[in-house]
Amino acid sequence: MLISIVVPCFNEEEIIGRFHAHLTGELESVAAEYAAECAVEFELVYVDDGSEDRTLPFLEKAAAADPRTHYVSFSRNFGKEAAMLAGLQYAGGDAVVVMDADLQHPPELIRRMLRLHREGYDQVVARRTRTGERVTRALAARAYYRLVNRFVDVELADGVGDFRLLSRRAVDAVLELTEYNRFSKGLFAWVGFRTTTFDYENARRETGRSSWTFRRLLDYGLDGLISFNDKPLRAALHLGLLLVSAAGAYAAWIVGAALVNGVETPGYVTLLVSVTALAGVQMVMLGLVGEYVGRIYYEVKRRPHFLVKAASTPVPHQRPRGELVRT
Ligand code: UDP
Ligand code: MG
């Protein structure tokens, strides 16, 4: 049994060395534990997402030193989603674990994931608790997931990230989804199969900086809402209908009052407020439609998700047979 570990890395020079040593040690102990039961081998697939620091030289050295270590390097920064996609394409394992390079995803959990996978689960998801995080951020996340789950047909859970194990057939299913706008959390949920989740304590990033700014989080959140279905469009339609009926009722009320009390001087405040409010609503709706059109624009271009500058290994279906398991 071959396990692939997919690790997207972007400017992780400060921690990647420690991560690599830690992960390799952990995997060796897992393999030793399974030695009596079945042969477990592993490969590491690092994806360098256009790092500008010494991440790539480190990966080159690591790959030269250990035949189980592979890397793929992008021509520029294409984002974590693209890096994960590349990792899944290059991974040849019977099971694939996706994890971050910053030690926020503890390698110790791989053992547990593997156990659960051997019990027959196709997706084993590690869900982090939100301890040690700012209260405002935790609350915002909770509110966001409540909102999203009303709109999206697949269930997205709070704290569930990309740290998970996928069986071969789950990986193949994810690779079938070739869409340009990738929202992995949703894609993983969308493919389904037998899935189980367990909790782990949230670890703080030790060194380096999270690349998530507030703005990026907001965009990511919008992606989650929009890239999965057209329900927001339906909601816009409902809101429009609601506003039209409210306006109708208000008009009827004004006419009724005028008939009973005679015509009064109409308040221009009401007028001004309703005009600006409606203009705002229309801009939002137009923006929403624009978001969908923008996504269509990118989809029809059919650009590749990433460009590879260098790789230590060909993609599995191009590897000569027998080289799949390199130890
Ligand atoms: N990452 C990447 N490309 C990017 C940004 C991040 O490959 O453009 C990688 C990064 O090296 C790390 C993982 O994605 O391994 C998670 O990134 P980060 O720790 O910044 O995100 P967070 O943990 O805050 O969600
Ligand atoms: Mg992180």
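Here we summarise the structure given alongside this text.

1. Things to note about unusual backbone geometry
Of note, Leu 103 is a non-glycine position whose phi angle comes to about 65°, a positive value. On the secondary structure map, Leu 103 appears in the loop between strand E4 (95–98) and helix H4 (109–118). Accessibility expressed as a relative area gives 12% for Leu 103, which makes it buried. Of note in this structure, Arg 302 is not a glycine but carries a positive phi near 55°. Of note, Arg 302 is situated in the loop between helix H10 (268–301) and strand E8 (308–311). On the accessibility criterion, Arg 302 (70% relative accessible area) is exposed.

2. Quick notes on the pattern of salt bridges
Between side chains of opposite charge, pairing is possible as soon as their charged atoms come close. Evaluation of the coordinates by the stated rule reveals 11 salt bridges. When the shortest N-O distance is used, the salt bridge between Arg 68 and Asp 66 registers 3.1 Å. With respect to burial, Arg 68 and Asp 66 carry one shared label: buried. Taken together, the shared-partner salt bridges in this structure form one network comprising Glu 26, Glu 33, Arg 111 and Arg 115.

3. So, the coordination of the magnesium ion (ligand 2)
Octahedral six-donor coordination of a metal ideally yields angles of 90 or 180 degrees, compared with 109.5 degrees for tetrahedral four-donor coordination. Coordination of the magnesium ion (ligand 2) by the protein is provided by Asp 102 (OD) and Gln 104 (OE1), with metal-donor distances spanning 1.9 Å. For Asp 102, a relative accessible area of 4% corresponds to the buried category.

4. Some remarks on empty space enclosed by the protein
Taken as a whole and assessed by the stated rule, the structure comprises 1 cavity of 30 Å³ or more. Counted as a void, the largest cavity has a volume near 30 Å³. Ile 3, Leu 27, Val 30, Val 40, Phe 42, Ile 110 and Leu 114 are the residues that line the largest cavity. Of all the secondary-structure elements, those providing two or more residues to the lining of the largest cavity are helix H1 (13–34) and H4. Split into classes, the residues belonging to the lining of the largest cavity amount to 7 nonpolar, no polar and no charged.

5. Re the packing of aromatic side chains
Tallied over the full model, the rule gives 8 aromatic pairs. Arranged with centres 5.6 Å apart and planes meeting at 85°, the rings of Phe 74 and Phe 78 form a pair that is edge-to-face. Of the residues examined, Phe 74 reaches a relative accessible area of 0% and is grouped as buried. By relative accessible area, Phe 78 is classed as buried at 19%. Here Tyr 297 and Tyr 298 contribute two aromatic rings whose centre-to-centre distance is 5.3 Å and whose plane-to-plane angle is 70°, an arrangement assigned as edge-to-face. Here Tyr 298 falls in the partly exposed class, since its relative accessible area comes to 39%. Members of the aromatic cluster, joined through ring pairs, are Phe 74, Phe 78 and Phe 306. Its end group placed over the ring of Phe 78, Arg 76 keeps NZ or CZ at 3.9 Å from the ring centre.

6. Things to note about the side chain of Gln 123
Within the element layout of this structure, Gln 123 appears in strand E5 (residues 123–128). Side-chain polar atoms of Gln 123 contact the backbone oxygen of Phe 188, separated by 2.9 Å. One polar contact links the side chain of Gln 123 to the main-chain carbonyl oxygen of Gly 192, over a distance of 2.9 Å. Other than its neighbours up to four places away in sequence, Gln 123 contacts Arg 164, Leu 165, Leu 166, Ala 170, Phe 188, Val 191, Gly 192, Arg 194, Thr 195 and Thr 196.

7. Overview of the sheet that holds E4
Strand pairing within a sheet occurs via backbone hydrogen bonds; the two strands may be parallel or antiparallel. Strand order in the open sheet formed by 8 strands is E7-E5-E6-E4-E1-E2-E3-E8, and the pairing between neighbours is mixed. Every interior strand has two partners, whereas the edge strands, strand E7 (195–200) and E8, have only one. Strand-to-strand twist in this sheet, taken as the mean axis angle between neighbours without regard to direction, amounts to 20°. The sheet contact formed by E5 and strand E6 (residues 160–167) spans 4 bridges and is antiparallel. By the bridge assignment, Gln 123 is partnered in E6 with Leu 166. Against the sheet, helix H2 (residues 55–65) contacts strand E1 (2–9), strand E2 (41–48), strand E3 (69–74) and E8, and its axis sits at roughly 150° relative to E3. Relative to the sheet, helix H7 (residues 184–191) contacts E5 and E6, its axis offset from that of E6 by approximately 40°.

What counts, and where the lines are drawn
- Residues numbered from 1 in each chain as written.
- Chains lettered and ligands numbered in written order.
- Predicted model: local features only at pLDDT ≥ 70, side-chain atom pairs only at ≥ 80, totals over all residues.
- Heavy atoms only, no water.
- Helix = DSSP H or I, 4+ residues; strand = E, 2+ residues; numbered from the N terminus.
- Buried < 20%, exposed > 50% of the residue type's maximum accessible area, 1.4 Å probe, protein only.
- Salt bridge = Lys/Arg side-chain N within 4 Å of Asp/Glu carboxyl O.
- Donors = N, O, S within 2.8 Å, 3.2 Å for Na, K, Ca; no water.
- 1 Å grid on protein atoms, 1.4 Å probe; cavity = no way out; pocket = protein on both sides within 12 Å on 5 of 7 lines; lining within 4 Å.
- Points joined across faces, edges and corners; volume = space filled by probe spheres on them.
- Nonpolar A, V, L, I, M, F, W, Y, C, P; charged D, E, K, R; others polar.
- Phe/Tyr/Trp six-rings, centres within 6.5 Å; stacked < 30°, edge-to-face > 60°.
- Lys NZ or Arg CZ within 6 Å of the ring centre and 35° of its normal.
- Polar contact = N/O pair within 3.5 Å; in protein donor to acceptor, adjacent residues only side chain to side chain.
- Contact = heavy atoms within 4.5 Å.
- Pairing = 2+ DSSP bridges.
- Axes fitted to C-alpha atoms, helices over the stretch in contact; angles between N-to-C directions.

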